[in-house]
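Coordinates in review
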Amino acid sequence: QPPSPPIQVLYPQQRDSGVYECQISTTPPVGYSMMLSVVEPITTIIGGPDLYIDTGSTVNLTCIVRHLPEPPPLIQWTHNGEEINYDSPRGGVSVITEKGDITTSYLLIQRARSSDSGKYTCLPSTANPMTVHVHVLNGEHPAAIQGSEGLRCSVILTFVLLLLTVGLRTFPVR
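If you're wondering where the values come from, they're calculated on a predicted model, not measured in any experiment. (Residues numbered from 1 in each chain as written. Predicted model: local features only at pLDDT ≥ 70, side-chain atom pairs only at ≥ 80, totals over all residues. Heavy atoms only, no water.)

Within the protein, the regular secondary structure consists of two helices and 11 strands. Going residue by residue from the N terminus, the α and β elements of the protein occur as β-β-β-β-β-β-β-β-β-β-β-α-α. For the protein, with 174 residues in total, the buried portion stands at 23%. Sequence-distant contacts in the protein: of pairs separated by 6 or more residues, those separated by 24 or more amount to 55%. (Helix = DSSP H or I, 4+ residues; strand = E, 2+ residues; numbered from the N terminus. Buried < 20%, exposed > 50% of the residue type's maximum accessible area, 1.4 Å probe, protein only. Contact = heavy atoms within 4.5 Å.)

Now for the pattern of salt bridges. Enumeration over the complete set of coordinates arrives at one salt bridge. Between Asp116 and Arg90 there is a salt bridge, and its shortest N-O distance comes to 2.6 Å. One end of the pair, Asp116, is in the loop between strand E9 (103–109) and strand E10 (118–124); the other, Arg90, is in the loop between strand E7 (82–83) and strand E8 (93–98), with 26 residues separating them in the sequence. On the basis of relative accessibility, which here comes to 8%, the residue Asp116 falls in the buried class. (Salt bridge = Lys/Arg side-chain N within 4 Å of Asp/Glu carboxyl O.)

Moving residue by residue along a regular strand, the side chains alternate between the two faces of the sheet. Along strand E2 (residues 30–36), only zero of the seven residues are buried, which leaves the element largely exposed. Bridge count for strand E1 (residues 18–24) against E2 is seven bridges, and the pairing is antiparallel. Note on E2: the bridge partner recorded for Ile24 is Val30. Between the end of E1 and the start of E2, which pair antiparallel, lie five residues. (Pairing = 2+ DSSP bridges.)

Dropping the structure here:
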């Protein structure tokens, strides 16, 4: 009897995960079980979706790709939809990629300027892209730009510091 063709799962999805069994028609029958786990690749950029950077400082965008059977052959970065040119006259722009079970790509932009603001996208060749919005601040106070979440954190922090100060005056430490 000719051997059976190998099983193929075309376009695997997470619901295809489970135990698969191969049975050999012998007397008695022999079976071999195998666990198949289908995972979805995940791309993240640390600190997103919005990053606030002071003018003149270094922008460090860190893109992490997880759950791939092998590292992506290529990770491309774009700025406002255009591929980043690391040899441009602007200078100070570089990328470092470390491949492994978890692949990490660092986009470094030295001496940030307002023209560096915009949408940055990490595009792994074998996983979903991820985008972050970079805001290069020209001396503005970040809390004013971050909106209600940044303001809420500032108010809570001020309140906690006030409580600590009042608490220390009321209950002196001996």
